[in-house]
Structures are given as structure tokens and as C-alpha cells.
Amino acid sequence: MKKLLIALVAIIALPLTVHAAKWEEGKHYTVAPGQPTNTPELREYFSYYCPACRSFESILPEVTKALPNNAKFVKTHADYMQFTSQEVQYTIAQANLVAEKTGLGKAFAGALFNHIQTERKKIESAEDLEAIYVKVGGDAKKFQQGMKSFSVISLAKKDKKNQDRLHQGRYISGVPAFVVNGKYAINVKALDGKNFVEEFNSLVSYLLTL
């Protein structure tokens, strides 16, 4: 009986051992100081100005599907890129939160990617973002209220604080950038491009166990 229990433990631990042997700290991921998030998460720092971020949208369903039930996928619009002013990028981050909270996240994201990258139009104010929100079926008054709401403002500030900590520590630099549990920053350049989704999901799964 004792031997059977030992064998079962070994079988259960085997996948983690295989993962650990494959993924190396300093090569495939870096570890930021501080405590991990309270709940398991994969966070993408992205920009609507970034073509690679737009391309990632096509494989996003495969990534989110592979996450365990207790983990969530979160998107944060970065404001550290040079595409436009930091103020505009931060306003976009707030507008993105409003869209997500009102059930228009996917539609808003598609329209904003199209506005900036396909139509080559500028975003210069919250009014520009409101127009896109309304275009995808949102209510202008809800958008205005959302942008001023305590929950959106607080969450945007919290996201920015975490982003700045990671960016200033050089754990994230460009976009898209991916961080597991607010602590493990993935180096996507170290993954096999031919099997990117499979390797990415495998690495995320491993990091969620740390």
C-alpha cells in the first residue's frame, strides 16, 4: 500500500517536474520582487497602437481556454510606449475599463484597433473614445459616468502602479508583455515561434503553480 501511494505521488508530481526542467528563470521568465496577486491571473500589457498586440487577439481564445478555472485573463493598456502622449494612453486605459465593465470590451477593442491601425485616425481626447464607444452600441452618458466613477479611477490607478513597478524594474518594456500573478514576467522571445501557443500555454501553466 505504501509503495502504491509513493507511486501515485510520483505520477502526480511528474508533470510539474517536466515543466520545471523545461522552463528556466532568467531565460524564459524573470521574477519581480513583491507579493503575487491574491488570485491567479495572466495579465497582458498591450497597446492599441501595437500591430503585434492586434495579431495576438487572434490566438487569445486558445490562451484563455487553456487557463485553469480559478485563473483569469486580464488586459491592461500600457501608457509607457512612445506612440502618443502618456496622458492619452492612460485615458485609453480608463476607457477600456469602462467598456469591459459595461459588456462592450470586445467590440470596443476591435473598433479601437481598427480606428488607430486601419483607418489611421488619432485619439486625442476622452471624447474621441466616447464616440467609438457609442459607435459599438454604448450609451454616451454611461461612458461619461464610467470615466468619472470611483471604481474605474481606482482600478486604473492600481493597474498603473503595478505597471510602473514592473516597467521601472525592467521586467516589462515593449508590448505585448505578459505577467503571471503580478510577479512572473514572460520572455516571449525565448519561446519556439513554430509552436508558440503550445509553449506559451505550457509556460503560463507552470508559472501559475509557483
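In what follows, the accompanying structure is described. As the structure is a computational prediction, the values presented were derived from the model and not from experiment.

Reading the values: the criteria
- Residues numbered from 1 in each chain as written.
- Predicted model: local features only at pLDDT ≥ 70, side-chain atom pairs only at ≥ 80, totals over all residues.
- Heavy atoms only, no water.
- Salt bridge = Lys/Arg side-chain N within 4 Å of Asp/Glu carboxyl O.
- Helix = DSSP H or I, 4+ residues; strand = E, 2+ residues; numbered from the N terminus.
- Buried < 20%, exposed > 50% of the residue type's maximum accessible area, 1.4 Å probe, protein only.
- 1 Å grid on protein atoms, 1.4 Å probe; cavity = no way out; pocket = protein on both sides within 12 Å on 5 of 7 lines; lining within 4 Å.
- Points joined across faces, edges and corners; volume = space filled by probe spheres on them.
- Nonpolar A, V, L, I, M, F, W, Y, C, P; charged D, E, K, R; others polar.

1. Overview of the pattern of salt bridges
(1) Moving on: Inspection of every chain in the model, using the stated rule, returns 8 salt bridges.
(2) Moving on: One salt bridge in this structure joins Arg 43 and Asp 159, with 3.5 Å as the shortest N-O distance. One end of the pair, Arg 43, is in strand 2 (residues 41–46); the other, Asp 159, is in helix 8 (residues 150–168), and 116 residues separate them in sequence. Pair check on accessibility: Arg 43 and Asp 159 agree, each one buried.
(3) Moving on: Through salt bridges with shared partners, one network takes in Glu 41, Arg 43 and Asp 159.

2. Side note on unusual backbone geometry
(1) Moving on: A cis geometry characterises the amide bond from Val 175 onward to Pro 176, with omega recorded as -5 degrees.
(2) Moving on: Within the secondary structure, Pro 176 sits in the loop between helix 8 and strand 4 (177–180).
(3) Moving on: Backbone geometry at Arg 120 places phi at a positive 55 degrees, although glycine is not the residue there.
(4) Moving on: By the element assignment, Arg 120 lies in the loop between helix 5 (105–118) and helix 6 (126–135).
(5) Moving on: Its identity is not glycine, yet Asn 181 carries a phi of approximately 55 degrees, on the positive side.
(6) Moving on: Tracing the chain through its elements places Asn 181 in the loop between strand 4 and strand 5 (184–186).
(7) Moving on: Residue Asn 181 is classed as buried on the basis of its relative accessible area of 7%.

3. Observations concerning empty space enclosed by the protein
(1) Moving on: Tallying each qualifying case throughout the model produces 2 cavities of 30 Å³ or more.
(2) Moving on: Taken as a whole, the largest cavity spans an internal volume of roughly 60 Å³.
(3) Moving on: In terms of lining, the largest cavity is formed by Thr 76, His 77, Asp 79, Tyr 90, Ala 93, Ala 156, Asp 159, Lys 160 and Gln 163.
(4) Moving on: Sorting the residues of the lining of the largest cavity by element identifies strand 3 (72–77), helix 4 (86–101) and helix 8 as the ones contributing at least two each.

4. What to know about the layout of surface pockets
(1) Moving on: A volume near 450 Å³ is recorded for the largest pocket.
(2) Moving on: Around the largest pocket, the lining comprises 23 residues; the ones closest to its centre are Thr 37, Glu 41, Arg 43, Lys 158 and Asn 162.
(3) Moving on: At the level of elements, strand 2, strand 3, helix 4 and helix 8 are the ones that each hand at least two residues to the lining of the largest pocket.
(4) Moving on: Among the elements that line the lining of the largest pocket, the one with the most residues is helix 8, at 6 residues.
(5) Moving on: Tallied by class, residues from the lining of the largest pocket come to 7 nonpolar, 7 polar and 9 charged.

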